[in-house]
Amino acid sequence: MIKKDTFDKEKFKKELESNVRMLFRRNLDEATTQQIYQAVAYSVKDDIIDNWIETHKAYEKQDKKMVYYMSMEFLMGRALGNNMINLLCYDEVRETLEELGLDMNLIEDQEPDAALGNGGLGRLAACFLDSLATLGYPAYGCGIRYRYGMFKQKIENGYQVEVPDNWLKYGNPFEIKRDEYAVEVKFGGYVDVEMHNGRQKFVQKGYQSVRAVPYDMPIVGYGNHIVNTLRIWDAEAINNFNLDSFDKGEYEKAVEQENLARTICEVLYPNDNHMAGKELRLKQQYFFISASVQRAVAKYKQTHDDIRKFHEKVTFQLNDTHPTVAVAELMRILVDEEGLEWDEAWEVTRKTCAYTNHTIMAEALEKWPIELFSRLLPRVYQIVEEINRRFVIEIQNKYPGDQEKIRKMAILYDGQVRMAHLAIAGSYSVNGVARLHTEILKKRELRDFYEMMPEKFNNKTNGITQRRFLLHGNPLLASWVTDKIGDDWITNLDHLKHLKVYVDDEKCQQEFMNIKYQNKVRLAKYIKEHNGIDVDPRSIFDCQVKRLHEYKRQLMNILHVMYLYNELKAHPDMDIVPRTFIFGAKAAAGYYTAKLTIKLINAVADKINNDSSINGKIKVVFIEDYRVSNAELIFAAADVSEQISTASKEASGTGNMKFMLNGALTLGTMDGANVEIVEEVGKDNAFIFGLSAEQVMEYEKNKNYNPRDVYNNNQDVRQVLTQLVNGFYSPENPELFRALYDALLEKDTYFTLLDFDSYKEAHNRIDAAYRDEQHWARTAMLQTASAGKFSSDRTIEEYAKEMWHLEKVTL
Ligand code: TH1
């Protein structure tokens with residue numbers, strides 16, 4: 001084990017040389033940087049393996065309850081740096097590599113991001129795994145080993161172009177294929193009833209199947225020798241047909257099964273907060289859920305003989321509705337394979353599963369046509385029918401004669417399977433991801449369910465891991481914090497509050513802002529290299545990085561930039577603090593309005609950045625291919641964190657927390673976890689604007705908002721909107737941005753125009769505040785000092801204590 005106290009530099013160098021020879025038949029001085037990265041990664045893995053084995057031995061021996069975090073997405077980012085940090089050998093390895101003339105940053109940059117997720121939901125899963133291991137809770141992450149993760153984004157002529165993300169091209173040094181745990185997963189066919197010992201048995205026949213093969217990735221806890229597992233499943237063809245056979249049917253079936261295996265894990269659906277309803281997506285869901293549940297049951301049975309007590313040792317956390325078929329799959333296994341009676345099986349299932357809701361966006365609600373669902377999963381569908389039948393009876397008993405309740409709450413309705421309803425019926429817990437979000441679930445979206453089963457509902461406000469987003473992403477600030485208050489914050493973020501005694505200390509303020517400045521220089525260098533744009537690190541770095549979605553209102557941000565530019569042109573001597581507006585966002589491949597917004601941002605950037613008459617007072621930068629690895633640079637360098645979603649729409653947000661931790665001030669609406677951020681830091685230390693969630697929901701209910709009223713009464717709004725359709729930013733095609741113009745004037749679904757003035761005024765407050773250097777420094781430091789609540793360690797402790805009832809393992 002490489003540890004701080006025992007780290008042996010010479011031994012590490014020998015290992016490295018030996019790895020390069022074994023892997024690439026080269027000496028260190030001949031190896032490429034990619035080869036050196038691989039060799040370093042193998043050395044680190046070598047130091048993980050023993051702990052990995054020991055951890056799992058301890059779990060078995062202590063027979064602790066285990067959480068399976070079921071998720072279609074794990075947005076892990078890079079593993080090497082994170083693993084070294086958690087093994088407590090980061091500085092030692094860096095120094096050793098330096099002695100060999102090697103640069104750790106360049107080596108880390110060789111690793112592709114494991115981008116098996118879209119955005120917040122997938123990154124939350126990754127943060128949770130880090131916290132679970134660090135806290136010593138027995139846990140598996142269960143997901144899919146997509147051959148291609150989130151696409152790489154290229155910007156060509158201002159437009160987003162999607163490039164496949166071949167993240168496994170050079171192999172993945174940290175993963176281990178576990179062929180011995182492969183299981184079969186069946187699709188299609190029909191259900192036959194057979195009699196076995198006087199009992200009906202339901203048997204799926206005429207199906208196609210694939211072999212699900214798990215790959216394990218180590219999840220290293222911070223400095224505690226614990227290594228948990230992320231288990232991601234790959235599909236292989238089952239080749240059980242006889243090559244000698246000339247049976248045409250057999251041959252065709254074999255080819256079809258090959259195709260099925262090849263397509264299932266091919267690619268992550270790049271939609272955030274949106275349900276595309278594709279058949280292959282449902283196949284992916286059932287594929288990894290069936291495999292994970294089969295393995296969980298098999299593992300339990302190795303050391304226990306009463307399946308009726310499964311829930312005492314196992315809990316499944318369903319990351320949104322995407323893994324909800326687990327409810328029915330567990331029922332299938334318990335009833336069909338373990339021979340439990342329905343009621344017994346249902347009790348076990350309902351005590352095993354728990355569901356997290358991450359959004360109220362209507363287009364994200366998962367509903368599958370019964371036709372598709374029953375064709376693909378005939379036996380599972382029968383089970384869903386029976387669950388629904390009994391659930392409807394429960395509703396009738398509770399609300400006799402109330403047809404409306406059944407219409408609103410049934411699992412099967414209108415020819416569709418409503419996955420959220422299945423998840424709620426089949427779980428012991430339903431949680432939202434921020435206080436406001438959970439309140440909206442209880443009062444509005446899931447009101448009927450809350451009324452019928454209030455005991456299931458609870459809140460777990462999201463969090464982020466400080467190990468990646470401060471210790472790794474911002475080493476300067478991390479060591480400054482440690483100098484001031486010691487290093488307990490690394491595993492107990494509440495300790496950051498001890499920084500509060502320094503906020504009025506001028507020397508500390510200067511140190512803090514000097515670190516911010518150096519991080520801005522680092523980002524400016526990245527921007528120069530990637531965008532060819534010079535940005536001034538003394539300007540305010542105003543950042544909005546997140547998926548592109550209309551509700552997140554990147555459009556409002558860029559409209560405001562357009563307005564500012566108009567002001568500067570009209571009043572050349574206008575005194576403003578120089579601003580650099582930084583955007584980073586991927587748009588779903590088929591999301592037209594989102595893609596057009598990216599084009600608009602780039603068009604505005606081109607025009608403004610090249611207009612020397614404004615003396616560089618504002619710059620606009622669109623960072624290509626926003627992802628976990630470059631996010632770390634952005635959070636560290638930000639002065640202002642744009643969290644400007646239409647109130648009620650962003651369930652939590654987690655980028656908001658990453659910015660706060662790194663000392664950026666929030667410019668935001670009272671939405672999602674912003675509410676709790678403001679509560680922690682104090683409302684005078686944030687720039688809050690816009691409609692409240694209540695107000696938004698009132699307008700939505702009464703349908704009494706007309707964007708034309710704003711347009712007609714607001715000269716500034718009129719001017720920027722006109723510039724969308726008069727060629728100001730697209731002389732070669734004046735109509736280019738017509739769709740954005742129309743969307744704003746006809747509906748303005750997300751109240752962009754209504755919030756515009758208030759947003760503008762909040763920006764003015766920022767300009768004024770930044771002029772008072774000392775006060776700004778104090779406020780920035782207060783952000784970091786108040787971020788303690790937003791550690792995913794806190795979130796996971798709440799899940800573990802209040803829902804899962806897990807115990808920590810002792811090594
Ligand atoms: C996000 C939410 O939009 C965000 O507010 C929240 O912080 C995050 O989850 C973590 O809780 C969601 N991402 C997705 C992705 C899909 C479907 C629904 C959601 S909600 C594919």
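Residues numbered from 1 in each chain as written. Predicted model: local features only at pLDDT ≥ 70, side-chain atom pairs only at ≥ 80, totals over all residues. Heavy atoms only, no water.

Asker: Is there a simple way to think about the site of the ligand in this case?
Answerer: Taken together, 17 residues lie near the ligand, and N273, H358, N462, E650 and G653 sit nearest. At a separation of 2.7 Å, an oxygen atom of the ligand approaches a polar side-chain atom of N273. Here an oxygen atom of the ligand and a side-chain polar atom of H358 are 2.6 Å apart. Here the residues of the shell around the ligand sort into 5 nonpolar, 9 polar and 3 charged. (Near = heavy atom within 4 Å. Polar contact = N/O pair within 3.5 Å; in protein donor to acceptor, adjacent residues only side chain to side chain. Nonpolar A, V, L, I, M, F, W, Y, C, P; charged D, E, K, R; others polar.)

Asker: Please clarify how the pattern of salt bridges should be interpreted in this entry.
Answerer: Any two side chains of opposite charge can pair, given that their charged atoms come close. For the structure shown, the criterion picks out 77 salt bridges. Here K11 and E15 are joined by a salt bridge, their closest N and O atoms 3.6 Å apart. Taken together, the residues span about one helical turn, with K11 and E15 both in helix α1 (residues 9-24) at a distance of 4 residues. For E15, a relative accessible area of 18% translates into the label buried. Among the salt bridges present, the one from E700 reaches K649, with a minimum N-O distance of 2.7 Å. (Salt bridge = Lys/Arg side-chain N within 4 Å of Asp/Glu carboxyl O. Helix = DSSP H or I, 4+ residues; strand = E, 2+ residues; numbered from the N terminus. Buried < 20%, exposed > 50% of the residue type's maximum accessible area, 1.4 Å probe, protein only.)

Asker: Help me understand the packing of aromatic side chains in this model?
Answerer: Geometrically, a pair of aromatic rings is defined through the distance of the ring centres and the angle of the planes. Counted under the stated rule, the structure contains 24 aromatic pairs. Measuring from centroid to centroid gives 4.7 Å for F635 and F659, while their planes differ by 85 degrees, and the two rings are edge-to-face. Highlighted residues: F635 in helix α23 (residues 628-637) and F659 in helix α24 (residues 655-661), separated in sequence by 24 residues. As far as burial versus exposure is concerned, F635 and F659 are alike and both buried. Here Y699 and F751 contribute two aromatic rings whose centre-to-centre distance is 5.8 Å and whose plane-to-plane angle is 40 degrees, an arrangement assigned as tilted. With Y699 in helix α26 (residues 693-702) and F751 in the loop between α29 (738-746) and α30 (752-771), the pair connects residues that are 52 residues apart, well separated along the chain. Judged by its relative accessible area of 27%, Y699 falls in the partly exposed class. Chaining the aromatic ring pairs together yields one cluster made of Y68, Y140, Y300, F310 and F316. Residue placement shows K405 over the ring face of Y399; its charged tip is 4.7 Å from the ring centre. (Phe/Tyr/Trp six-rings, centres within 6.5 Å; stacked < 30°, edge-to-face > 60°. Lys NZ or Arg CZ within 6 Å of the ring centre and 35° of its normal.)

Asker: Could you clarify how one ought to interpret the packing of helix α20 (residues 506-531) against α23 in this entry?
Answerer: The angle between the axes and the distance between the axes are what describe a pair of packed helices. In the contact formed by α20 and α23, the axes pass within 8 Å of each other and the chain directions differ by 140 degrees. Considering the angle they form, α20 stands oblique to α23. With respect to the hand of their crossing, α20 and α23 are arranged in left-handed fashion. Contacts from K516, N519, K520, R522, L523 and Y526 of α20 reach α23 at N630, E632, L633, I634, F635, A636 and A637. (Axes fitted to C-alpha atoms, helices over the stretch in contact; angles between N-to-C directions. Parallel < 35°, antiparallel > 145°, perpendicular 65-115°, else oblique. Left-handed = near helix turned anticlockwise from the far one by under 90°. Contact = heavy atoms within 4.5 Å.)

Asker: Would you mind going over the nonpolar core with me for this structure?
Answerer: Nonpolar side chains in soluble globular proteins generally cluster together in the buried interior. Counting residues in each nonpolar core, the largest one holds 277 residues, and the members touching the most others are F287, F316, F373 and L724. The two domains that each donate at least three residues to this core are domain 1 (63-78 + 113-462 + 796-804) and domain 2 (474-790). (Core = buried A, V, L, I, M, F, W, Y, C linked by side-chain atoms within 4.5 Å. Domains from an automatic or database assignment.)

Asker: Explanation requested: the sheet that holds strand β21 (residues 579-584) in the structure shown.
Answerer: Two orientations exist for strands paired in a sheet by backbone hydrogen bonds: parallel and antiparallel. Taken in spatial order, the 6 strands line up as β22-β21-β20-β23-β24-β25 in an open sheet, and their pairing is parallel. Single-partner strands in this sheet number two, and they are β22 (618-623) and β25 (687-688). Where strand β20 (residues 540-545) lies against strand β23 (residues 640-643), 2 bridges are found, and the strand directions are parallel. By the bridge assignment for β23, C543 is matched with S641. Those strands touched by helix α31 (residues 773-785) are β23, β24 (665-668) and β25, and its axis lies near 85 degrees from that of β24. (Pairing = 2+ DSSP bridges.)

Asker: Any chance you could explain the layout of surface pockets here in plain terms?
Answerer: If a probe the size of a water molecule is rolled over the atoms, the empty space left behind becomes visible. By volume, the largest pocket is sized at about 1,400 Å³. In this structure, the largest pocket is lined by 42 residues; those nearest its centre are Y90, N105, H472, P475 and R522. Broken down by secondary-structure element, the contributors of at least two residues to the lining of the largest pocket are α4 (90-99), α5 (104-108), α18 (466-472), α19 (475-485), α20 and α23. Considering every element that reaches the lining of the largest pocket, the biggest residue donor is α20, with 7 residues. Grouping the constituent residues of the lining of the largest pocket by class yields 17 nonpolar, 9 polar and 16 charged. Size it by volume and the second largest pocket reaches roughly 710 Å³. Surrounding the second largest pocket, 41 residues form its lining, R78, E111, P112, D113 and A114 being those nearest its centre. (1 Å grid on protein atoms, 1.4 Å probe; cavity = no way out; pocket = protein on both sides within 12 Å on 5 of 7 lines; lining within 4 Å. Points joined across faces, edges and corners; volume = space filled by probe spheres on them.)

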